[in-house]
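Overview (structure and organization)
Residue strings, one per chain:
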Amino acid sequence: MKKTIFTLTILASLTFFTSCGNQDSKQENKKEHKVTATTGKAEINTTPEQDSVAKRKEKEALLQQMMAQGTSGGASANEPPTPEQIGKKYFQEAARHGKAKRFPEALIALDKSIEAYPDNAAVWFARGSIKWQTDDLQGAKEDFSQCLELMPDHEKASLNIGQILIEQGKNMQAIELYNELLIKYPNTAMSYYNRGIAFSNIKDYNTALDDFNQAIELDPNYAMAYNNRGNVYFLLGQKEKACADWKKSLELGNDMSQKSIETYCK
């Protein structure tokens with residue numbers, strides 16, 4: 001009998017220019033059902049927390065300028081831009097390049113943004129995302145780690161590091177990361193989904209099945225979770241369940257399931 005090999009697909013929470021506070025995993029999952037290893041690009045957003053910090057810094061800078069000038073008339077029009085303003089300008093330039101998929105130009109702009117103002121977690125996340133898109137896995141992992149240094153609760157950065165570990169074949173490290181992540185965020189379907197892939201890669205199919213079940217329970221429209229649960233069912237010799245999952249995945253818009261259905265579900 002011909003050996004059957006399935007490739008379980010990682011879905012990245014990859015977004016280039018988005019706020020570090022947006023952690024709506026179900027919305028991300030819905031966007032990713034139509035893709036495999038990458039997702040689309042998002043507009044630049046800021047969280048209320050980021051806005052308040054930025055406004056506070058602006059007020060402090062304005063007050064300092066007023067005190068230095070001995071007037072309440074505001075800052076001079078000739079006042080040089082602050083490092084934060086320079087960083088923001090290059091970040092916006094990178095966003096324009098990223099949306100047009102001019103990744104080398106976007107990376108140059110992000111390098112300049114970080115050089116001017118390295119304390120913006122969103123810039124590190126964006127640069128990590130582009131490095132990942134251009135197959136610089138180690139560079140991407142380092143940038144996502146730096147994003148987490150600045151913003152420890154950035155769930156997407158942690159998710160992405162776990163996915164990179166899987167791509168690097170470091171499945172046990174990925175499992176440990178997702179174990180910790182699921183303690184903090186127990187309702188993130190993508191964490192269960194990707195941990196299921198890691199367990200599948202080390203041939204722990206029953207544990208992988210439990211994770212795909214949990215991902216589907218949290219997000220009943222998770223097309224790729226049905227597809228990969230179908231793969232695991234097939235590897236466990238449960239063809240009927242496998243075909244049912246592949247058909248459900250196809251129904252939800254995942255065309256990858258079509259070949260499995262045509263080959264094994266006649």
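Given the structure is predicted, the values throughout are model-derived calculations rather than measurements.

Moving on, we come to the state of the cysteines. Per the counting criterion, the structure on display carries one disulfide. Disulfide pairing is shown between cysteine 243 and cysteine 265; the S-S distance is 2.0 Å. Here the disulfide of cysteine 243 and cysteine 265 is left-handed, its torsion about the S-S bond being about -100°. Of the two residues, cysteine 243 is situated in helix 12 (residues 239–251) and cysteine 265 in the segment after helix 13 (257–264); the sequence distance between them amounts to 22 residues.

Using the criterion set out here, one finds seven salt bridges in the structure. Within this structure, Asp111, Arg127, Lys131 and Asp143 form a network of salt bridges that share partners.

Attention now goes to the packing of aromatic side chains. Counting across every chain of the model gives seven aromatic pairs. Summarising the aromatic geometry, the rings of tryptophan 132 and phenylalanine 144 are spaced 6.1 Å apart at their centres and angled 80° between planes, so their arrangement reads as edge-to-face. In this pair, tryptophan 132 sits in helix 5 (residues 121–133) while phenylalanine 144 sits in helix 6 (residues 137–150), placing the two residues 12 residues apart along the sequence. Looking at tryptophan 132, the relative accessible area reads 5%, which means it is buried. We classify phenylalanine 144 as buried; its relative accessible area is 0%. Centre to centre, the rings of tyrosine 193 and tyrosine 222 are 5.0 Å apart; their planes meet at 20°, and the pair counts as stacked. Taken together, the residues tyrosine 193 in helix 9 (residues 189–201) and tyrosine 222 in the loop between helix 10 (205–218) and helix 11 (223–235) connect sequence positions 29 residues apart. Residue classification places tyrosine 222 among the buried residues on the basis of a relative accessible area of 0%. Among the aromatic residues, ring-to-ring pairing joins Phe125, Trp132 and Phe144 into one connected group. Cation over ring: lysine 89 sits above tyrosine 90, and NZ or CZ is 4.7 Å from the ring centre.

Turning our eyes to something else, we now look at helix 3 (residues 83–99). With 17 residues, helix 3 should reach 24 Å at 1.5 Å per residue; the first-to-last C-alpha distance of 24 Å fits that figure. Of the surrounding secondary structure, the elements contacted by the buried residues of helix 3 are helix 4 (103–116) and helix 5. Where helix 3 terminates, the next one or two residues include lysine 101, which has phi positive at roughly 60°.

What counts and what doesn't
- Residues numbered from 1 in each chain as written.
- Predicted model: local features only at pLDDT ≥ 70, side-chain atom pairs only at ≥ 80, totals over all residues.
- Heavy atoms only, no water.
- Disulfide = S-S within 2.5 Å.
- Helix = DSSP H or I, 4+ residues; strand = E, 2+ residues; numbered from the N terminus.
- Salt bridge = Lys/Arg side-chain N within 4 Å of Asp/Glu carboxyl O.
- Phe/Tyr/Trp six-rings, centres within 6.5 Å; stacked < 30°, edge-to-face > 60°.
- Buried < 20%, exposed > 50% of the residue type's maximum accessible area, 1.4 Å probe, protein only.
- Lys NZ or Arg CZ within 6 Å of the ring centre and 35° of its normal.
- Expected span 1.5 Å × (residues − 1).
- Contact = heavy atoms within 4.5 Å.

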